[in-house]
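Observations on chain architecture
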Amino acid sequence: MATHHDLIIIGTGSGNSLLTPELDGLDIAIVEEGTFGGTCLNVGCIPTKMLVLPADRVLESREAERLGVHISREVEVDWPAIRDRIFTDRIDQIAAGGERYRRSQDFVTVYAATARFVGERRLALSTGEEITADRVVVAAGSRADLLDVDGLDRVDPARGVHTSDTVMRMDELPQRMAIIGGGFVACEFAHVFSSLGVEVTQVQRSGRLLRAEDEAISRRYTELARGRHDLRLETVVSSATRSDTGTWTLALKGLDGDTDVEVDAVLVAVGRTPNGSRLGVEAAGIELDDRGVVVVDEQQRTTADGVWALGDVANTWQLKHVANHEARVVAHNLAVDTGRHRDPDATPMDADHRFVPHAVFGHPQIAAFGPTRAELDEAGTPYVSYTQSFGDTAYGWALEDTTGILSVYADPTTGLLLSAHCMGPQASTLIQPLIQAASFGQSAREVARGQYWIHPALAEVVENALLGLDLPGE
Ligand SMILES: Cc1cc2nc3c(=O)[nH]c(=O)nc-3n(C[C@H](O)[C@H](O)[C@H](O)COP(=O)(O)OP(=O)(O)OC[C@H]3O[C@@H](n4cnc5c(N)ncnc54)[C@H](O)[C@@H]3O)c2cc1C
Ligand SMILES: NC(=O)c1ccc[n+]([C@@H]2O[C@H](COP(=O)([O-])OP(=O)(O)OC[C@H]3O[C@@H](n4cnc5c(N)ncnc54)[C@H](O)[C@@H]3O)[C@@H](O)[C@H]2O)c1
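None of these values were measured; they are calculated from a predicted model. (Residues numbered from 1 in each chain as written. Chains lettered and ligands numbered in written order. Predicted model: local features only at pLDDT ≥ 70, side-chain atom pairs only at ≥ 80, totals over all residues.)

It is worth spelling out helix α7 (residues 320-337) at this point. Over its 18 residues, α7 extends 25 Å from the first C-alpha to the last, a length consistent with the 26 Å expected when each residue adds 1.5 Å. Buried residues along α7 sit in contact with β6 (130-138) and β17 (307-309). Two residues or fewer after α7 comes G339, characterised by a positive phi angle close to 70°. (Helix = DSSP H or I, 4+ residues; strand = E, 2+ residues; numbered from the N terminus. Expected span 1.5 Å × (residues − 1). Contact = placed C-beta atoms within 7 Å.)

Ordered in space as β8-β15-β9-β10-β11, the five strands form an open sheet in which the pairing is parallel. Each of the sheet's edge strands pairs with one partner strand only, and the pair in question is β8 (161-162) and β11 (230-232). Sheet topology note: the strand β10 (residues 199-203)/β11 ladder contains three bridges and is parallel. When the bridges of β11 are listed, Q202 appears paired with L231. Against the sheet, helix α5 (residues 184-195) engages β9 (176-180), β10 and β15 (265-268), with an angle of about 165° to β10. (Pairing = 2+ DSSP bridges. Axes fitted to C-alpha atoms, helices over the stretch in contact; angles between N-to-C directions.)

A few words now on the pairing of strand β12 (residues 236-242). The pairing of β12 with strand β13 (residues 248-254) spans six bridges and is antiparallel. Looking at the pairing, T241 lines up with T249 of β13. Between the antiparallel neighbours β12 and β13 lie five residues, among them G246 with a positive phi of about 95°.

It is worth spelling out the UniProt feature "domain: Pyridine nucleotide-disulphide oxidoreductase dimerisation" (unreviewed entry) in the protein at this point. Under the present numbering, the feature "domain: Pyridine nucleotide-disulphide oxidoreductase dimerisation" (unreviewed entry) in UniProt falls on residues 356-465. Taken end to end, residues 356-465 is 35% helix and 25% strand, and its two terminal C-alpha atoms sit 20 Å from one another. (UniProt positions renumbered as here; feature names shortened; annotations may be inferred.)

Summarising the element assignment, D27 is placed in the loop between β1 (3-10) and β2 (28-32). Given 16 C-beta atoms within a 10 Å radius, D27 is considered partly exposed. If we skip the residues at most four places from it in the chain, D27 touches H5, D6 and F107. (Buried ≥ 20, exposed ≤ 12 C-beta atoms within 10 Å, placed from the backbone.)

This next bit is on the site of ligand 1. Taken together, 35 residues surround ligand 1, and among them G11, G13, G38, G141 and G311 come closest. Elements represented by at least two residues in the shell around ligand 1 include exactly β2, α1 (38-43), α2 (45-63) and α7. The residue makeup of the shell around ligand 1, split by class, is 12 nonpolar, 17 polar and six charged. (Near = placed C-beta within 6 Å. Nonpolar A, V, L, I, M, F, W, Y, C, P; charged D, E, K, R; others polar.)

Okay, the site of ligand 2 next. Ligand 2 sits among 25 residues. The nearest are G181, G182, G183, V185 and R205. For the shell around ligand 2, the secondary structure elements donating two or more residues are α5 and β18 (357-360). The greatest single-element share of the shell around ligand 2, amounting to four residues, is contributed by α5. Here the residues of the shell around ligand 2 are counted per class, giving 14 nonpolar, eight polar and three charged. Here the shell around ligand 2 gathers at least three residues from each of two domains, domain 1 (3-143 + 273-337) and domain 2 (157-270). (Domains from an automatic or database assignment.)

Per the UniProt entry, the sites bearing "binding site: NAD(+)" (unreviewed entry) are G181, G182, G183, F184, V185, A186, C187, E188 and G271 in this numbering. With the annotated positions falling across 91 residues, the maximum pairwise C-alpha distance of 13.4 Å places them together in a single cluster. Its 22 C-beta neighbours within 10 Å are what place G181 among the buried residues. Every residue in contact with G181, bar those within four places of it in the chain, is listed here: A186, Q204, A269 and V270. Summarising the element assignment, F184 is placed in helix α5. Judged by the 23 C-beta atoms lying within 10 Å of it, F184 falls in the buried class.

Attention now goes to α5. End to end, α5 covers 17 Å across 12 residues, agreeing with the expected 16 Å (1.5 Å per residue, within 8%). Among the 12 residues that make up α5, 12 are buried, leaving the element largely enclosed by the rest of the structure. Along α5, the residues that are buried comprise F184, V185, A186, C187, E188, F189, A190, H191, V192, F193, S194 and S195. Note on α5: the residue one or two positions beyond its end, G197, has a positive phi of about 105°.

Here we come to the sheet that holds β12. Strand order in this open sheet of three strands is β12-β13-β14, and the pairing throughout is antiparallel. Of all strands in the sheet, those bounded by a partner on one side alone are β12 and β14 (257-263). Each neighbouring strand pair of the sheet contributes to a mean axis angle of 20°, computed without reference to strand direction.

In structure tokens, the structure reads:
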């Protein structure tokens with residue numbers, strides 16, 4: 001006999017935030033196979049950024065020399081203290097508290113189990129139970145990919161083989177680490193571990209790091225990374241062998257021909273696969289696209305009646321702020337669908353994916369939204385652009401910055417922003433007024449001249465970039 005609920009939510013990452021006060025009192029089941037709170041809290045955004053901060057501090061202590069500050073003592077890194085501040089003192093408590101709270105709500109049933117669809121809105125759990133519901137939300141996220149190379153095809157922390165799920169909890173820092181990949185995860189961890197004193201070799205299949213960024217930024221970042229650690233471009237791992245003493249020898253094939261690299265740990269960071277296919281969604285009439293992403297409409301409805309999906313399982317951005325936005329859309333639409341919305345006239349809402357930004361918390365930071373120059377060219381979109389160097393602004397002088405840039409792209413007729421691409425200190429914060437301008441349809445001129453810009457703050461980079469655009473009436 002299956003247990004019936006009003007609503008089943010699969011996944012406690014962004015899925016956990018669906019339980020708005022309007023849904024209080026429905027009989028809700030929430031199924032989680034891993035740690036309560038999902039990727040962002042436990043193994044993603046939050047712990048990585050808490051790790052980036054001490055890494056930045058180490059680099060800043062070196063960069064202080066240029067400002068006339070000489071630090072006479074060697075900078076020491078206390079890895080257990082860094083790790084425990086993040087996990088023992090904060091993350092693990094938040095995750096446990098979140099689960100305790102949900103379990104304390106009498107209208108919520110938490111199932112600690114792996115769910116799999118066996119029919120329409122019918123799930124078999126790894127505990128042997130079966131559950132059904134009037135409505136289901138699939139918020140099952142994505143998982144880290146491994147390599148199709150013997151030894152690196154499964155996570156094995158005890159043998160020094162990691163993904164982002166395990167690498168942040170290592171007992172001690174290895175002396176040498178290979179990081180495979182050149183995307184967000186690989187670049188952030190290459191910054192973290194090289195700053196903390198690990199000898200990093202980064203192996204990237206293509207010719208640049210962060211290839212999806214505006215080309216000027218991807219090239220600059222690649223050059224900066226090359227100056228900081230061993231970087232092998234257009235290179236892949238062809239085999240991996242582990243000695244009795246625990247050293248890994250990776251055979252590399254690439255630009256430098258066939259080479260070997262010896263390391264004590266390997267971090268595989270070559271992308272993430274959405275979890276839809278693991279859920280057996282076809283049994284429930286839920287379609288996947290050719291990349292395995294759950295197909296949803298603008299209201300986050302899947303192809304099956306009464307089933308919504310959100311987050312990494314249902315989009316290709318794989319970003320927490322996108323999952324959060326989609327969760328707000330689904331929560332609203334569930335409230336409307338169940339007749340519980342506080343406004344009786346409320347209608348279902350659409351997700352807004354017009355200007356999805358992202359940031360890479362490397363050193364320097366990168367942040368962007370909208371098409372790159374190459375994408376605008378390829379689409380034949382008319383644009384004007386301007387690139388402002390951080391070093392040509394007052395605060396850039398204070399920072400002695402030599403590498404930061406902000407490129408803005410705007411419609412030549414209306415002056416509305418099409419995209420912005422930034423690399424430099426605080427890029428993730430600096431870009432926000434541009435995201436706001438694009439989202440609210442404010443023109444570059446309006447934003448630049450319609451408000452004060454604090455002098456001599458770093459935000460003058462944004463003001464100057466906007467003023468640099470060659471727009472009519474300027
Ligand atoms: C190292 C790293 C750093 C990141 N940094 C950033 C960042 O700085 N900024 C940013 O925007 N994004 C970042 N991300 C991406 C971000 O973490 C994800 O986009 C976001 O967490 C996805 O949320 P979600 O709710 O879709 O999935 P998740 O949070 O992954 O939640 C899905 C949950 O479903 C559970 N689950 C899966 N299958 C089943 C099943 N069959 N049965 C039961 N439960 C199941 C999982 O255990 C998981 O808890 C990072 C990701 C990683 C890996
Ligand atoms: N700051 C952030 O917002 C943040 C941080 C981390 C992760 N994330 C999210 O997590 C997702 C996954 O990140 P990711 O970095 O794992 O994936 P990714 O898709 O961004 O990058 C994968 C990288 O691995 C390389 N690669 C693939 N196969 C390879 C191989 N066999 N050998 C060498 N290199 C290989 C690719 O060229 C690419 O550079 C991202 O899409 C991102 O949205 C976001």
